[in-house]
Amino acid sequence: MTSTDNAGNASKPAVKDPWELPDVSGLVVGVLGGTGDQGRGLAYRLARAGQKVIIGSRAAERAQAAADELGLGIEGADNAECARRSDIVIVAVPWDGHAKTLESLREELSGKLVVDCVNPLGFDKQGAYALKPEEGSAAQQAAALLPDSRVTAAFHHLSAVLLQDASIEEIDTDVMVLGEVRADTDLVQALAGRIPGMRGVFAGRLRNAHQVESLVANLISVNRRYKAHAGLRVTDV
Ligand SMILES: NC(=O)c1ccc[n+]([C@@H]2O[C@H](COP(=O)([O-])OP(=O)(O)OC[C@H]3O[C@@H](n4cnc5c(N)ncnc54)[C@H](OP(=O)(O)O)[C@@H]3O)[C@@H](O)[C@H]2O)c1
């Protein structure tokens, strides 16, 4: 798109307002591994904001039990059905099961907007530390395994404890959103913005996902020292 000056001459292309985000309220969100703390927390918050949510699990009955517990119109299904029926699919399984889960769902995830929130971390006596995935990051591994999906990365820095605490009205945090295609990262930013207090901020291409995933090791150190559930804010944007 170009704009014109007063004389009608074409000038520089119009800059798109980065906060002009699409309406995602009608999209179905699936959560693979949605029976765990992070998946449940995200499912709860998104459903509470009015989003249609399907919890996925390796076992349909576990997904159903989690969905029944949370209410809010959330449904449960096995991971494959969850992926098939969803427009946006959040990957919330442990790093250990990441590659195998995605490999097995390649077909169901074809064409879908995939949002990876997996943090490859190790733990020892000194606390949490970042692992170094062969592909660079969990998100890049997802992109390599899912060539027919639109892979993005987001929701790494959230506290599952806060997400699941029904007494908390607003989740005071920014969500760093990474991906290769602006239309896709815009959708994920918009999704994050559905949750009161939360804001999605574009934070680069997937090749920069490693730092974002790794930063969780630092947040865990913060949480341990200050007995907190730390989040992040990007200032001046
Ligand atoms: N917890 C947090 O605060 C937090 C915050 C940000 C990001 N994350 C990321 O979110 C992901 C999930 O975290 P979580 O704490 O919710 O983990 P979790 O409870 O250990 O696992 C989530 C779910 O994944 C499924 N699962 C377990 N092992 C699996 C395997 N080997 N293969 C496939 N599925 C498996 C299980 O569901 P079924 O048995 O029902 O299939 C489980 O309920 C992690 O990658 C983590 O790095 C977590």
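Here is what the cut-offs are and how they apply
- Residues numbered from 1 in each chain as written.
- Predicted model: local features only at pLDDT ≥ 70, side-chain atom pairs only at ≥ 80, totals over all residues.
- Heavy atoms only, no water.
- Near = heavy atom within 4 Å.
- Polar contact = N/O pair within 3.5 Å; in protein donor to acceptor, adjacent residues only side chain to side chain.
- Areas by Shrake-Rupley, 256 points an atom, 1.4 Å probe, with all protein chains shown as cover.
- Helix = DSSP H or I, 4+ residues; strand = E, 2+ residues; numbered from the N terminus.
- Buried < 20%, exposed > 50% of the residue type's maximum accessible area, 1.4 Å probe, protein only.
- Pairing = 2+ DSSP bridges.
- Right-handed = clockwise from strand over helix to strand, strands pointing away.
- Core = buried A, V, L, I, M, F, W, Y, C linked by side-chain atoms within 4.5 Å.
- Contact = heavy atoms within 4.5 Å.
- Axes fitted to C-alpha atoms, helices over the stretch in contact; angles between N-to-C directions.
- Parallel < 35°, antiparallel > 145°, perpendicular 65-115°, else oblique.
- Left-handed = near helix turned anticlockwise from the far one by under 90°.
- Expected span 1.5 Å × (residues − 1).
- Salt bridge = Lys/Arg side-chain N within 4 Å of Asp/Glu carboxyl O.

(A) Structural detail: the site of the ligand. Neighbouring the ligand are 21 residues; Thr35, Ser57, Arg58, Arg62 and Val93 lie closest to it. In the model, an oxygen atom of the ligand is placed 3.0 Å from a nitrogen or oxygen of the Asp37 main chain. One of the backbone N or O atoms of Val93 is found 2.7 Å from an oxygen atom in the ligand. Bound to the protein, the ligand loses 73% of the 880 Å² it would expose on its own. Among the elements that make up the shell around the ligand, the one with the highest residue count is helix α4 (residues 95-104) (three residues).

(B) Structural context of the pairing of strand β11 (residues 173-179). For β11, the buried fraction is high: six of the seven residues fall into the buried class. Direction of pairing for strand β10 (residues 150-153) relative to β11: antiparallel, over a ladder of two bridges. Looking at β11, one finds that Ala153 is bridged to Leu178. Pairing analysis gives five bridges linking β11 to strand β12 (residues 198-202), with the strands arranged parallel. What sits directly across from Val175, in β12, is Gly200. In this region the chain leaves β11, passes through helix α7 (residues 182-193) and returns to the parallel neighbour β12; the handedness of that crossover is right-handed.

(C) Spotlight on the nonpolar core. Ranked by internal contacts, the top residues of the largest apolar core, which has 33 residues, are Ile90, Phe155, Val175, Leu191 and Met198. Mapped by element, the contributors of at least two residues to this core are β3 (28-32), α1 (37-48), β4 (52-57), α2 (60-70), β6 (88-91), β7 (113-116), β11 and α7. Take this core: its biggest share by element is five residues, from α7. Contact partners of Ile90, with chain neighbours within four places excluded, come to Val29, Gly30, Val31, Leu32, Leu42, Leu46, Val115, Cys117, Phe155 and Leu191. Residues Ala77, Val91, Ala142 and Leu206 belong to the second largest nonpolar core, which totals 26 residues.

(D) Spotlight on the packing of α1 against α2. Where α1 contacts α2, the two axes come as close as 11 Å, and the packing angle between them is 45°. One element, α1, and the other, α2, form an angle in the oblique class. Between α1 and α2 lies a crossing whose hand is right-handed. Contacts between α1 and α2 involve Arg40, Ala43 and Tyr44 from the former and Ala66, Glu69 and Leu70 from the latter.

(E) Molecular detail of the sheet that holds β6. Strand order in this open sheet of eight strands is β5-β4-β3-β6-β7-β10-β11-β12, and the pairing throughout is mixed. Looking at which strands have only one partner, the edges of the open sheet turn out to be β5 (75-78) and β12. Looking at each pair of strands side by side, their axes are set apart by 30° on average, direction ignored. Relative to β12, α7 is tilted by about 165°, and along the sheet it contacts β3, β6, β7, β10, β11 and β12.

(F) Molecular detail of helix α8 (residues 209-226). Here α8 spans 26 Å end to end across 18 residues, near enough to the 26 Å set by a 1.5 Å rise per residue. Of the residues making up α8, those classed as buried are Ala209, Val212, Glu213, Ser214, Val216, Ala217, Leu219 and Ile220. The secondary structure elements touched by the buried residues of α8 are β8 (121-124), β9 (127-130), α5 (138-145) and β11. Looking one or two places after α8, you find Lys227, whose phi comes out positive at around 50°.

(G) Focus on the pattern of salt bridges. Evaluated as defined, the whole model comprises 13 salt bridges. Of the charged contacts in the structure, one is a salt bridge between Glu75 and Lys52, with a shortest N-O distance of 2.7 Å. Of the two residues, Glu75 sits in strand β5 while Lys52 sits in strand β4, which places them 23 residues apart along the sequence. By relative accessible area, which is 28% here, Glu75 ends up partly exposed. By relative accessible area, which is 30% here, Lys52 ends up partly exposed.

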